[in-house]
Amino acid sequence: MPSTLFVLMLPAALWSLGLAMSRDEKLKLRDQVVEMFDHAYQNYMDHAYPADELMPLTCRGRVRGLEPSRGDVDDALGKFSLTLIDTLDTLVLLNKTVEFEAAVRRVLKDVRLDNDIVVSVFETNIRVLGGLLGAHSMAVMLKEEGQHMRWYQDELLHMAKDLGLRLLPAFNTSSGLPYPRVNLKYGVRGPETRTGTETDTCTACAGTIILEFAALSRFTGDPVFEAHARRALDFLWEKRQRNSNLVGTTINIHSGEWVRRDSGVGAGIDSYYEYLLKAYVLLGDDQFLQRFNIHYASIMKYISQPPLLLDVHIHKPLLPARTWMDSLLAFFPGLQVLKGDIRPAIETHEMLYQVTKKHNFLPEAFTTDFRVHWAQHPLRPEFAESTYFLYKATGDPYYLEAGRTIMDNLNRFARVPCGFAAMKDVRTGSHEDRMDSFFLAEMFKYLFLLFADPEDLRFDVEDYIFTTEAHLLPLSLSTTPHVSSVPPNRTIPQSKQELDDSNFDWTCPNTRLMFPDPAFPRNLREPIRSAVDKSCPRPAAYREPGMGAPPLRAQDFMANNPEHLELLRRMGVSLIHLKDGRVQLVQHATQAVSPIAAEDGVRFMQEMMELSSQQQKEQLPPRAIQIISHPFFGRVVLTAGPAQFGTDLSKSSAGVRGFVTVAQPYSGCEEITNSEMVRGHIALLQRGQCMFAEKARHIQKAGAIGGIVVDDSVGSSSDTAPLFQMAGDGRNTDDITLPLLFVFYKEGNILLEALKEYSEVEVLLSDKARDRAAIFKGKPLPGSLFEGSADVQQAEEDFQTEATAPTGSESEVTAEDQGAAPAEGEDVGSAEDVGSTEDVRSAEADVPKADSGEDEERRDDADGAGQSVDQLLADWRDDLEAFRQMEKDEL
């Protein structure tokens with residue numbers, strides 16, 4: 001057996017030793033890249049053009065308005081042949097000059113930019129404006145060679161300026177940050193043009209403009225575009241958190257307040273950092289480099305935990321914001337190469353490579369122990385981008401093998417007869433009828449450059465810089481004078497300390513001098529490969545307790561991890577399981593294996609106390625799910641977490657009331673098949689497999705009035721885990737109008753068991769538990785009448801009549817008193833509102849029982865119902881108390 005393992009591992013060992021790939025093999029892979037590109041491009045031209053994108057499973061074009069809406073994803077589509085424009089400079093890079101010339105003629109003849117359609121400013125800028133400018137650069141270069149494009153008279157540049165002028169109205173804000181969307185024909189005029197109503201935008205959306213707009217200004221001589229892009233960047237820089245020097249993910253474009261204060265290098269922020277550094281390279285403005293260096297130092301201090309890159313809170317950067325990473329951060333190692341910081345680039349890239357080999361593709365999001373968090377993969381090119389830049393920096397053939405892996409997986413799992421299809425689930429290999437334009441614009445550029453020799457290229461790529469969409473802009477633009485036509489927001493003071501960049505180089509690194517030892521990259525990769533293979537949740541290699549540093553961080557501790565429990569034992573820390581499901585940690589220094597291990601235990605306990613304190617301060621306001629149907633009658637309240645989209649229950653005086661139905665499929669990640677059952681009801685969904693916003697859109701389309709997402713982690717409970725807000729999908733979610741709440745497994749199981757036991761379960765979704773007198777609108781309160789009263793039966797019959805025949809008015813969403821908040825010291829809810837301890841303890845006596853004069857069968861039924869409620873109430877006491885305490889914390 002050992003010899004077999006050695007033989008199986010030998011090829012990987014040979015690759016990591018740096019054995020060079022033969023030139024013939026590289027050329028074979030280069031030609032394979034071209035063949036793959038031809039397969040994708042030709043199928044787009046044959047089956048989709050002039051539509052914006054190809055639908056590779058059904059072999060047709062995606063035309064916005066003719067296909068079912070995908071929400072914010074469709075904001076990239078503007079009926080301007082998106083894929084063709086995005087692909088133009090790829091054709092030249094792959095030496096397809098004849099096809100390029102024909103494609104340019106098609107664009108000039110067929111594409112219109114004055115469509116009455118609302119598009120994303122960010123996506124249109126990087127894909128269409130960037131595509132036109134990159135193609136213009138290529139056309140000028142080919143014309144100067146004298147063999148192709150001799151007829152060209154800057155037509156693409158004229159189109160680019162026309163588009164730039166159509167995007168400019170989005171920048172008409174007091175802050176200078178652009179609206180996230182603009183109407184190509186009418187600009188930003190308000191609701192009549194379906195624009196101008198937004199208040200928030202992502203940091204990357206506002207901060208990824210400068211390359212394209214500056215290039216447009218310098219190509220045309222009109223400074224207005226660059227001036228607006230600079231103004232937006234100035235405002236973002238001014239609004240950074242001054243202590244951490246980090247920026248949040250979402251910002252209010254009017255006030256400059258951070259809407260989402262989590263900070264990372266992935267979705268929502270990624271290309272903001274990229275464009276600061278690349279703006280310095282393209283434009284030669286030292287200010288951009290100074291700002292990037294200050295941000296980068298904070299990234300490496302707080303976010304980088306090699307090989308991981310984990311989001312933190314900008315105001316409390318030592319507090320992790322989440323325990324998973326999204327695939328968009330895969331660009332960051334490539335940016336670190338451009339910065340000259342190669343070591344962490346190698347480490348993070350290796351982690352990403354190992355995750356890719358575990359799942360064939362990078363999942364859209366994955367956890368710190370490298371498991372799938374979001375299973376989609378829309379053929380993103382960021383990992384290929386970093387692979388190319390690391391190969392350029394190190395010359396290590398290991399990265400050629402990584403490129404081969406990318407190509408093999410694309411051909412094995414994503415290739416279909418009409419192109420390449422995005423992966424809907426990397427675990428099952430299921431496809432999505434989608435081939436985004438960036439696949440042609442970026443993926444094949446980086447793969448071709450990875451395997452091509454310099455003589456294979458018509459031009460020197462070192463004379464150009466890649467935009468975030470891999471469009472080519474010439475560095476010669478830096479010699480064009482910059483004249484501002486728009487005044488900045490205000491002068492931004494920069495202290496001497498802020499501008500002290502003595503620790504940063506002002507020149508690009510000479511990678512030939514950085515790696516005198518060819519084994520250096522390999523030595524960095526080996527520990528990371530082992531960690532991913534073992535699915536180890538800790539970013540650092542294992543260290544024995546008592547060796548100076550704590551072997552286990554409080555933020556990584558998991559009470560059900562046997563390895564963690566053994567580490568605690570060696571440090572003298574014991575774990576006690578409480579009856580309410582929580583765990584208590586106790587340390588006895590005398591029980592540690594050594595005095596140094598005992599000190600490690602003390603440090604661990606201190607970290608745990610600090611983490612607990614921080615989590616309490618960061619606790620988000622809870623929401624309530626109140627079961628109001630028979631036999632619960634409003635006594636049972638489940639603690640739930642809110643969503644960052646949809647109806648804000650804190651602004652609804654009545655909440656949302658309706659009957660609960662389990663959606664099919666239970667994941668809610670596909671079109672709902674039991675829409676007739678879901679319509680007018682509150683849908684129950686299971687967490688996982690897709691984004692929360694996608695689930696909300698599916699049930700909303702099916703006619704649901706609300707949704708409850710149940711955690712898929714067996715045993716989870718609000719008793720032992722902090723609540724969190726369900727985030728959107730990184731794009732605008734204004735189309736979601738129903739409320740969506742999250743409950744842990746224990747609370748969700750309560751609803752599911754109630755559905756099994758009773759034919760119908762009605763709930764009230766609200767910001768807090770409601771007074772039962774208000775719920776039943778002045779009727780006698782079930783369960784609070786005197787035992788034996790004749791009104792008991794009447795009250796239950798009245799309620800059951802309502803339960804079996806719900807009216808539209810009972811399921812309405814009321815949004816009154818919007819923006820109202822309690823005054824300081826005002827009581828938000830009485831004890832009865834949230835269910836006091838006294839209420840819960842007396843609830844058993846409140847359950848109506850059958851009169852002794854009734855027949856035996858009816859008495860048995862009543863007793864059985866009462867016993868069931870008693871058992872449920874015993875389990876739910878802690879939930880009610882926790883909810884009450886969390887409301888106090890909110891105040």
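Cut-offs used in this document
Residues numbered from 1 in each chain as written. Predicted model: local features only at pLDDT ≥ 70, side-chain atom pairs only at ≥ 80, totals over all residues. Heavy atoms only, no water. Buried < 20%, exposed > 50% of the residue type's maximum accessible area, 1.4 Å probe, protein only. Helix = DSSP H or I, 4+ residues; strand = E, 2+ residues; numbered from the N terminus. Pairing = 2+ DSSP bridges. Right-handed = clockwise from strand over helix to strand, strands pointing away. Core = buried A, V, L, I, M, F, W, Y, C linked by side-chain atoms within 4.5 Å. Contact = heavy atoms within 4.5 Å. Axes fitted to C-alpha atoms, helices over the stretch in contact; angles between N-to-C directions. Left-handed = near helix turned anticlockwise from the far one by under 90°. Salt bridge = Lys/Arg side-chain N within 4 Å of Asp/Glu carboxyl O. Disulfide = S-S within 2.5 Å. Polar contact = N/O pair within 3.5 Å; in protein donor to acceptor, adjacent residues only side chain to side chain. Arc of directions from axis to C-beta. Phe/Tyr/Trp six-rings, centres within 6.5 Å; stacked < 30°, edge-to-face > 60°. Lys NZ or Arg CZ within 6 Å of the ring centre and 35° of its normal.

**Comments concerning the pairing of strand β27 (residues 706-710)**
Argument step 1. Most of β27 is tucked away: 5 of the 5 residues are buried.
Argument step 2. Of the two faces of β27, the one carrying G706, I708 and V710 and the one carrying G707 and V709 are both buried.
Argument step 3. Two elements, strand β26 (residues 682-686) and β27, share 5 bridges in a ladder whose sense is parallel. Residue pairing in the sheet places I682 in a bridge with G706 of β27.
Argument step 4. The parallel pair β26 and β27 is bridged by helix α22 (residues 692-701), and the resulting crossover is right-handed.
Argument step 5. Strand direction decides the pairing type here: β27 and strand β28 (residues 740-743), joined by 4 bridges, are parallel.

**Comments concerning the nonpolar core**
Argument step 1. Ranked by size, the top nonpolar core spans 172 residues in total, and within it F100, M351, L410 and F420 carry the most contacts.
Argument step 2. Sort the elements by how many residues they give to this core and helix α5 (residues 121-145) lands first, with 12 residues.
Argument step 3. In contact with L410, not counting residues within four places along its chain, are M36, F361, L379, R415, F420, F439 and M443.
Argument step 4. Membership of the second largest hydrophobic core comes to 23 residues, among which are I625, F632, V656 and I682.

**As for the packing of helix α9 (residues 224-238) against helix α11 (residues 286-303)**
Argument step 1. In the contact formed by α9 and α11, the axes pass within 12 Å of each other and the chain directions differ by 30°. The handedness of the crossing between α9 and α11 is left-handed. When α9 is examined against α11, the residues R230, L233, D234 and W237 are found in contact with a partner set consisting of Q287, F288, R291, I294 and H295.

**A short note on the pairing of strand β25 (residues 655-662)**
Argument step 1. Along β25, 7 of the 8 residues are buried, which leaves the element largely enclosed by surrounding structure.
Argument step 2. As paired elements, β25 and strand β29 (residues 762-766) share 4 bridges and run antiparallel to each other. Within the sheet, the bridge partner assigned to F659 lies in β29 and is E762.
Argument step 3. Looking at chain direction, β25 and β26 are connected through 3 bridges and run parallel. Among the inter-strand pairings, V660 is bridged to a residue of β26, identified as I682.

**Here's the deal with the pattern of salt bridges**
Argument step 1. Taken as a whole, this structure holds 49 salt bridges when the rule is applied.
Argument step 2. In this structure, the salt-bridge partner of K96 is D38, at a minimum N-O distance of 2.9 Å. Here K96 is found in the loop between α3 (82-93) and α4 (97-110), whereas its partner D38 is found in helix α2 (residues 23-47), with 58 residues between them in sequence.
Argument step 3. Relative accessible area serves as the criterion here: at 30%, D38 is assigned to the partly exposed category.
Argument step 4. A salt bridge links E694 to K424, with the shortest nitrogen-to-oxygen separation between them at 3.8 Å. Of this pair, E694 sits in helix α22 while K424 sits in strand β17 (residues 422-425), placing them 270 residues apart in sequence.
Argument step 5. Judged by its relative accessible area of 24%, K424 falls in the partly exposed class.

**Quick notes on the sheet that holds strand β6 (residues 250-252)**
Argument step 1. Taken in spatial order, the 3 strands make up an open sheet running β5-β6-β7, and their pairing is antiparallel. Looking at strand neighbours, the two that pair on one side only are β5 (200-202) and β7 (258-260), the edges of this open sheet. Averaged over all pairs of adjacent strands, the angle between their axes in this sheet comes to 35°, without regard to strand direction.
Argument step 2. With 3 bridges joining them, β5 and β6 adopt antiparallel strand pairing. Paired with T201 across the bridge in β6 is I251.

**Describing the state of the cysteines**
What makes a disulfide is a covalent bond joining the sulfur atoms belonging to two cysteines.
Argument step 1. Counted according to the given criterion, the structure contains 3 disulfides.
Argument step 2. Cysteine pairing for the protein, with bonded cysteines counted in sequence order: 1-4, 2-3, 5-6.

**Considerations on unusual backbone geometry**
Argument step 1. Between Y49 and the following residue, P50, the backbone shows a cis peptide bond with an omega angle of 10°.
Argument step 2. Cis geometry marks the peptide bond from Q664 to P665, where omega comes out at 0°.
Argument step 3. Locating P665 in the fold gives a position in the loop between β25 and α21 (675-678).
Argument step 4. Positive phi, normally seen in glycine, also occurs at C59, with a value near 55°.
Argument step 5. If you trace the backbone, C59 turns up in the loop between β1 (53-55) and β2 (60-62).
Argument step 6. Positive phi values are uncommon outside glycine, yet D154 reaches one of about 65°.

**Side note on the environment of W324**
Argument step 1. Structurally, the position occupied by W324 is in strand β12 (residues 324-326).
Argument step 2. Assessed through its relative accessible area of 15%, W324 is described here as buried.
Argument step 3. It is 9.1 Å that separates the C-alpha atoms of W324 and L309, two residues lying 15 residues apart in sequence.
Argument step 4. Those residues within four positions of W324 in sequence are excluded, and the remaining contacts are L310, A365, F366, T367, H373 and W374.
Argument step 5. A polar contact is formed between the side chain of W324 and the side chain of H373, at a distance of 3.4 Å.

**Quick word on the sheet that holds β12**
Argument step 1. Taken in spatial order, the 3 strands line up as β12-β13-β14 in an open sheet, and their pairing is antiparallel. The open sheet is flanked by β12 and β14 (372-374), the only strands paired with a single partner. Averaged over all adjacent pairs, the angle separating strand axes in this sheet is 30°, with direction ignored.
Argument step 2. Summarising the sheet, β12 and strand β13 (residues 365-367) pair through 3 bridges and their orientation is antiparallel.

**Some words on helix α19 (residues 562-570)**
Argument step 1. Within α19, burial applies to H564, L567 and L568. Along the axis of α19, the buried residues cluster in a sector spanning 100°; they form a single face.
Argument step 2. Count one or two residues on from α19 and you reach G572, which has phi positive near 80°.

**Brief notes about the side chain of S386**
Argument step 1. Secondary-structure assignment places S386 in helix α14 (residues 382-394).
Argument step 2. Taking relative accessible area as the criterion, S386 reaches 0% and is therefore assigned buried.
Argument step 3. A polar contact is formed between the side chain of S386 and the backbone nitrogen of G334, at a distance of 2.9 Å.
Argument step 4. Not counting chain neighbours up to four residues away, the residues in contact with S386 comprise A330, F331, F332, P333, G334 and H349.

**Considering the environment of I705**
Argument step 1. Residue position: I705 is located in the loop between α22 and β27.
Argument step 2. I705 gets classed as buried once you look at its relative accessible area, which sits at 15%.
Argument step 3. Sequence-wise, I705 and F659 are 46 residues apart; in three dimensions their C-alpha atoms are separated by 9.6 Å.

**Some words on the packing of aromatic side chains**
Argument step 1. Taken as a whole, this structure holds 27 aromatic pairs when the rule is applied.
Argument step 2. Relative to F332, the ring of Y296 has its centre 6.2 Å away and its plane inclined at 25°; by these criteria the two rings are stacked. Within this pair, whereas Y296 is found in helix α11, its partner F332 is found in helix α12 (residues 332-339), the two being separated by 36 residues in sequence.
Argument step 3. According to the relative accessible area criterion, Y296 is buried, its value standing at 5%.
Argument step 4. Here Y446 and F466 contribute two aromatic rings whose centre-to-centre distance is 5.4 Å and whose plane-to-plane angle is 55°, an arrangement assigned as tilted. With Y446 in helix α16 (residues 437-451) and F466 in strand β19 (residues 464-466), the pair connects residues that are 20 residues apart, well separated along the chain.
Argument step 5. Judged by relative accessible area, which is 6%, F466 ranks as buried.
Argument step 6. Among the aromatic residues, those joined into a ring-pair cluster are F37, Y41, F420, F439 and F444.
Argument step 7. Over the aromatic face of W151 sits the side chain of R105, whose NZ or CZ is 4.1 Å from the ring centroid.
Argument step 8. Here the basic side chain of R240 rests over the ring of W237, its NZ or CZ set 3.8 Å away from the ring centre.

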